[in-house]
Amino acid sequence: MIPFEVGPGLHLELVEERHEEELFKLVDRNRGHLRPWMNWVDEKADQHDTGRFIYNSIGQHSAGEGFQTVIRFEGNLVGVLGHQGWNKTNRRAEIGYWLGRRAQGRGIMTACVRAHVDHLLGIGGLNRLEIRCAVGNRRSRAVAERLGFTLEGVAREAEWMHDHFVDHAVYAMLVSEWAALPADVRRQKWQPRE
Ligand SMILES: CC(C)(COP(=O)(O)OP(=O)(O)OC[C@H]1O[C@@H](n2cnc3c(N)ncnc32)[C@H](O)[C@@H]1OP(=O)(O)O)[C@@H](O)C(=O)NCCC(=O)NCCS
């Protein structure tokens, strides 16, 4: 699957060491934008922390426990999309993602998550994918809802966000539901709007 063209000028690349500097700069430019929703932002204080993330991501991939991708749009790295909580026995995982502020509002993340879902519930062999986000994270919830994930409920005080707990909206997609969608919906490529 990787590298994968999601649409013209929009690609997913497996996270590698060569991304370290560009990825750190993207995080650094977007601290204020990411901080309300991402509890790791303050921990990524310098480029070595990004290096550790990349090292762990390469280990995750080698262990067959999912993978992390960077999103490249018009030549620039604009975000990250990957998996956590990979459970081989129960064939489920959780999808996590973020975009730099300037890349929002173009349909990039919905298209990239669609490509991940189609891969993971297809040849990836998973049965269930979750998207969990803070209940107040309207933009993230909209990604799950556009793709037809089912809202299964609210996990109360599920995440410590700097200085308080936030509730999670828990969304899921099953392979049976994804497979029932028309192929052109599942494989829809990103297209720029006029
Ligand atoms: C969550 C996040 C990735 C969502 O980003 P987003 O830009 O809203 O989502 P998309 O990239 O799918 O873009 C959708 C928007 O692009 C618009 N759009 C513009 N051009 C488009 C095109 N060519 N195709 C499809 N949609 C397009 C859509 O209409 C939609 O607009 P709307 O929000 O006004 O309805 C982003 O807000 C983010 O990273 N936030 C901070 C970190 C975070 O919260 N991460 C998730 C933690 S759970």
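About the criteria used
- Residues numbered from 1 in each chain as written.
- Predicted model: local features only at pLDDT ≥ 70, side-chain atom pairs only at ≥ 80, totals over all residues.
- Heavy atoms only, no water.
- Helix = DSSP H or I, 4+ residues; strand = E, 2+ residues; numbered from the N terminus.
- Buried < 20%, exposed > 50% of the residue type's maximum accessible area, 1.4 Å probe, protein only.
- Phe/Tyr/Trp six-rings, centres within 6.5 Å; stacked < 30°, edge-to-face > 60°.
- Near = heavy atom within 4 Å.
- Polar contact = N/O pair within 3.5 Å; in protein donor to acceptor, adjacent residues only side chain to side chain.
- Areas by Shrake-Rupley, 256 points an atom, 1.4 Å probe, with all protein chains shown as cover.
- Nonpolar A, V, L, I, M, F, W, Y, C, P; charged D, E, K, R; others polar.
- Core = buried A, V, L, I, M, F, W, Y, C linked by side-chain atoms within 4.5 Å.

Q: Which residues make up unusual backbone geometry, and what values go with them?
A: The backbone of E74 sits at a positive phi, close to 50°, despite the residue not being glycine. Tracing the sequence through the fold places E74 in the loop between β3 (68–73) and β4 (76–87). On the accessibility criterion, E74 (58% relative accessible area) is exposed. Residues other than glycine seldom take positive phi values, yet R91 does so here, at roughly 50°.

Q: Go over the packing of aromatic side chains with me, naming the residues and quoting the values.
A: Aromatic ring pairs are described here by two measures, namely the spacing of the ring centres and the angle between the planes. Tallied over the entire structure, the rule returns three aromatic pairs. On the numbers, 5.4 Å between centres and 90° between planes, the contact of F73 with W190 is edge-to-face. On the criterion of sequence distance, the pair formed by F73 in strand β3 and W190 in the segment after α7 (183–186) is long-range, its members being 117 residues apart. Comparing F73 with W190 shows no difference in burial state: the two are buried. Note on W160 and F165: the rings are 4.9 Å apart at their centroids and 70° apart in plane angle, and the pair reads as edge-to-face.

Q: Describe in detail the site of the ligand, supporting the description with residues and values.
A: The environment of the ligand is made up of 25 residues, and the closest members are Q104, T110, N137, R139 and Q191. Take Q104: an N or O atom from its side chain is 2.4 Å from an oxygen atom of the ligand. For the ligand, an oxygen atom lies 2.6 Å from a polar atom in the side chain of R139. For the ligand, whose free accessible area comes to 960 Å², the fraction covered by protein is 80%. For the shell around the ligand, the elements supplying multiple residues, two or more each, are α2 (31–34), β5 (92–99), α4 (108–120), β6 (128–134) and α5 (138–146). Classifying every residue of the shell around the ligand by side-chain character gives twelve nonpolar, eight polar and five charged.

Q: Can you break down the nonpolar core residue by residue, with the values?
A: Taken as a class, soluble globular proteins show a tendency for nonpolar side chains to be buried jointly. Within the largest apolar cluster, 36 residues are counted, with the highest numbers of intra-cluster contacts made by I71, L81, I95, V113, V117, L129 and F149. Mapped onto this core, the elements with two or more residues apiece are β2 (10–14), β3, β4, β5, α4, β6, α5 and β8 (165–174). Examining the composition of this core, we find that eight residues originate from one element, α4, more than from any other. Ranked by size, the runner-up nonpolar core spans 13 residues in total, among them L34, W40, V70 and L77.

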